[in-house]
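Structural characterization, general
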Amino acid sequence: MAEAYDPGNIFAKILRGEIPSHRIYEDDAVVAFMDVMPQGVGHTLVVPKAPSRNILDADPATFGPLFAVVQKVAVAVKKAFNADGVTLMQFNEPASGQTVYHLHVHVIPRFDGVPLKPHSGQMEKPEVLAENAGKIRAALGN
Ligand code: 5GP
């Protein structure tokens, strides 16, 4: 049986505005913000507002709005950083590498020959995250 959703998880706190984030997009169903330990420049997290731990317990109605935003953000980060490609990642339960238990999709701009940095590695400076968020917002037309 799937574990219960914990409303005290860090992304739930970000969604409620209890802790800050560098938001680049928000609509009725989805929020996107910068990953604080980016695996590459422009690493963004796209998070549905509906509570679920991950894909295993999510309401399927979540995926349409979520992936519409994933696509928007993928196009925007590619443009914002003049990337060669975009990697999507999504983890489910600890065995897969999940560390925050609120469903989310990683959107990471990629550059030919440049490997990803480690998952949940080093914290990025807030000013760098703010600058990158500004570039993505501009590419989104926000
Ligand atoms: P997961 O392993 O659950 O797929 O990924 C969680 C992601 O959340 C990691 O890439 C990690 O760097 C990021 N992260 C962890 N804590 C915070 C936080 O407080 N704020 C933001 N914006 N990202 C976080």
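Residues numbered from 1 in each chain as written. Predicted model: local features only at pLDDT ≥ 70, side-chain atom pairs only at ≥ 80, totals over all residues. Heavy atoms only, no water.

1. Section: the side chain of R53
Where we set the bar: Secondary structure elements are defined from DSSP: runs of H or I of at least 4 residues count as helices, runs of E of at least 2 residues count as strands, and each element is numbered from the N terminus. Polar contacts here mean pairs of N or O atoms no more than 3.5 Å apart (in protein, one a potential hydrogen donor and the other a potential acceptor; neighbouring residues in sequence count only if both atoms are side-chain atoms). What makes two residues a contact is simply this: any of their non-hydrogen atoms within 4.5 Å.
Mapped onto the secondary structure, R53 falls in the loop between strand 3 (44–48) and helix 2 (63–80). A polar contact of 2.7 Å, which involves the side chain of R53, links it to the side chain of E93. When near neighbours in sequence (up to four residues on either side) are disregarded, R53 contacts E3, A4, Y5, E93, Q98, Y101, H102 and L103.

2. So, the pattern of salt bridges
Note the threshold: Any Lys or Arg side-chain nitrogen located within 4 Å of an Asp or Glu carboxyl oxygen qualifies as a salt bridge. Here the term buried applies to any residue with accessible area under 20% of the maximum for its type, exposed to any over 50%, and partly exposed to those in between, with areas from a 1.4 Å probe on protein chains only.
All chains considered together, the criterion is met by six salt bridges. A salt bridge links E3 to R53, with the nearest nitrogen and oxygen atoms 4.0 Å apart. Residue E3 is found in the segment before helix 1 (10–15), and its partner R53 is found in the loop between strand 3 and helix 2; the two are separated by 50 residues along the sequence. Using a relative accessible area of 52% as the deciding quantity, one classes E3 as exposed.

3. Overview of the pairing of strand 1 (residues 23–26)
For the record, the criterion: Between any two strands, pairing holds if DSSP finds at least two bridges.
Of the pairings in the sheet, the one linking strand 1 to strand 2 (residues 30–34) comprises three bridges and is antiparallel in character. Across the sheet, E26 pairs through a bridge with V31, a residue of strand 2. Linking strand 1 to strand 2, which pair antiparallel, is a turn of three residues.

4. Here we look at unusual backbone geometry
In terms of backbone geometry, most residues other than glycine have negative phi values and most peptide bonds are trans. Here N82, not a glycine, exhibits a phi torsion of approximately 50 degrees, which is positive. Structurally, N82 is set in the loop between helix 2 and strand 4 (85–89). Exposure remark for N82: the relative accessible area of 66% places this residue in the exposed category. Notably, E93 is not glycine yet its phi reads approximately 75 degrees, a positive angle. Residue position: E93 is located in the loop between strand 4 and strand 5 (105–110). For E93, a relative accessible area of 18% gives the class buried.

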